[in-house]
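Examining the three-dimensional arrangement
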Amino acid sequence: MTLGFNTLAIHAGAEPDPATGARQVPIYQTTAYVFRDADHAAKLFNLQEVGYIYSRLTNPTVAALANRVAALEGGAGAVCCSSGHAAQIMALFPLMQPGTNVVASNKLYGGTIQQFNNTIRKFGWSAKLVDFDDPKAIAAAIDDNTRALFCETICNPGGAVSDLDAIARVANQHGLPLIVDNTTATPFLCRPIEHGATLVVHSATKYLTGNGTVTGGVVVDSGKFDWSASGNFPSLAAPEPAYHGLNFHAALGAMAFTFHSIAVGLRDLGMTMNPQGAHYTLMGIETLPLRMERHVQNAQAVAEWLEADPRVDFVTYPGLKSSPYHNLAKMIVPGGAGALFTFAVKGGYDACVKLVDHLKLFSHVANLGDTRSLVIHSASTTHRQLSDEQRAAAGASSNVVRLSIGIEDVRDIIADLDQALTAATA
Ligand SMILES: *Cc1c(COP(=O)(O)O)cnc(C)c1O
């Protein structure tokens, strides 16, 4: 019998602590682990036996979280990282070489566009950002040096829903892995692997932890991609010089990506999640299904209320019939269209800034996916360093504010927006 999502959210990856019987996953606040003897140590370093060596690589608390998220996403394995952005680098790292590129959606989260446009160039990688609503544009951007496609399930902040099945078909036709950032949907609303994704990345900072206490990330591997087929993924499917010539795919099969990410990625890049952060995220995930239900219910009600308000120009929530992504949302996120969206205030930039300053229940922060309702004016903050064109493509034009709808009483959320809109448009 396969366990249901609610059950997995509480139990997957965890069992009573073998040493003490502790029911909750202990925070293993330790750097190193005593080897039984020299032979045991040698076997661990050769990957002949799985066990703990040093917490930059693996830690029991962090491993419980990795296994839980892998179970929720339906993946073969997962690796936890120090942040969502670290998870993105860790997802690309085994696939890329200098001179290779990733074809990515131009509607990605602004921080990711920044990372892809500028920072990854220092590794000799590059990104081509194209309109992922158009499978032909994706196919046209793919060249001999492309090693992955990258998109978000529900784009932050513009609320575009990605047609993961169509995008996965393009990836398949070109023998490429599809990487999906599932931060805003969470596995409660969408499991991208079921739509053909190879890797799923998360900012655990957001809904997985759910209360704004942790910075963390996770990469989940479906275990389904054939790294050996094309000859284009030598780190995974040829003798890896960074690990005494081990061919990870030949030796580890469906766990090749996960083991490479730990044995080489975390070992050499060191973007490791700390055990305390992992513990908080495990606690958060226990209530993920309950929270997400309330998040999407509140978001739908707030979006409908805003759309009917004469002080508002438009609302981008894909749960609204007016959204061009409404039908896609029913296929990709049937349980609800997330809880993050933008809306345009009549009066443009100045009215947006006034609105943000007059909201009381909403917190003005650069975060999302908290139990609390959050607001930000993307154009003057998270998307500040992008051009007007890039902002428009990302759905973060200067006349819109982004809301992350929390799980408070919805009438209180609406009342706060009502008084702030009055002040902003007076
Ligand atoms: C926040 C976010 C990230 C980056 O995650 P951090 O944990 O802040 O590094 C990546 N993708 C999306 C969609 C996000 O919302």
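Remember, predicted model here, so these are calculated numbers, not experimental data.

Along the chain, Thr215 turns up in the loop between strand E6 (199-203) and strand E7 (217-221). Sequence separation of Thr215 and Met271 is 56 residues, and the distance between their C-alpha atoms is 12 Å. Residues within four places of Thr215 in sequence aside, it is in contact with Ser82, Ser83 and Thr205.

Moving on: the pattern of salt bridges. Following the criterion strictly, the structure yields 12 salt bridges and no others. Close ionic contact of Asp39 with Lys43 constitutes a salt bridge, the shortest N to O distance being 3.1 Å. Note that Asp39 and Lys43 are positioned in helix H2 (residues 38-45) at a spacing of four residues, about one turn of the helix. With a relative accessible area of 31%, Lys43 lands in the partly exposed category. For Arg267, the salt bridge goes to Asp268, with nearest N and O atoms at 2.7 Å. Residue Arg267 is classed as partly exposed on the basis of its relative accessible area of 28%.

Domain assignment breaks the protein into domain 1 (5-283) and domain 2 (288-424). One C-alpha centre belongs to domain 1, the other to domain 2; they are set 29 Å apart. With 40 residues of domain 1 at the interface, the matching set in domain 2 holds 41 residues. Summing the contributions of domain 1 and of domain 2, the shared interface buries around 3100 Å²; its carbon and sulfur component is 65%. Ranking the residues of domain 1 by area buried against domain 2 places Pro157, Leu189 and Tyr207 at the top, with a combined share of 25%. Run the count over domain 1 and domain 2 and you get zero salt bridges. Our enumeration of links across domain 1 and domain 2 arrives at five residue pairs in polar contact (both at pLDDT 80 or more). Counting residues per element, the ones that place at least two in the side of domain 1 that touches domain 2 are helix H1 (5-11), helix H5 (110-117), helix H7 (164-173) and helix H8 (186-189).

How each quantity is defined
- Residues numbered from 1 in each chain as written.
- Predicted model: local features only at pLDDT ≥ 70, side-chain atom pairs only at ≥ 80, totals over all residues.
- Heavy atoms only, no water.
- Helix = DSSP H or I, 4+ residues; strand = E, 2+ residues; numbered from the N terminus.
- Contact = heavy atoms within 4.5 Å.
- Salt bridge = Lys/Arg side-chain N within 4 Å of Asp/Glu carboxyl O.
- Buried < 20%, exposed > 50% of the residue type's maximum accessible area, 1.4 Å probe, protein only.
- Domains from an automatic or database assignment.
- Buried area = accessible area lost by both parts, 1.4 Å probe.
- Polar contact = N/O pair within 3.5 Å; in protein donor to acceptor, adjacent residues only side chain to side chain.

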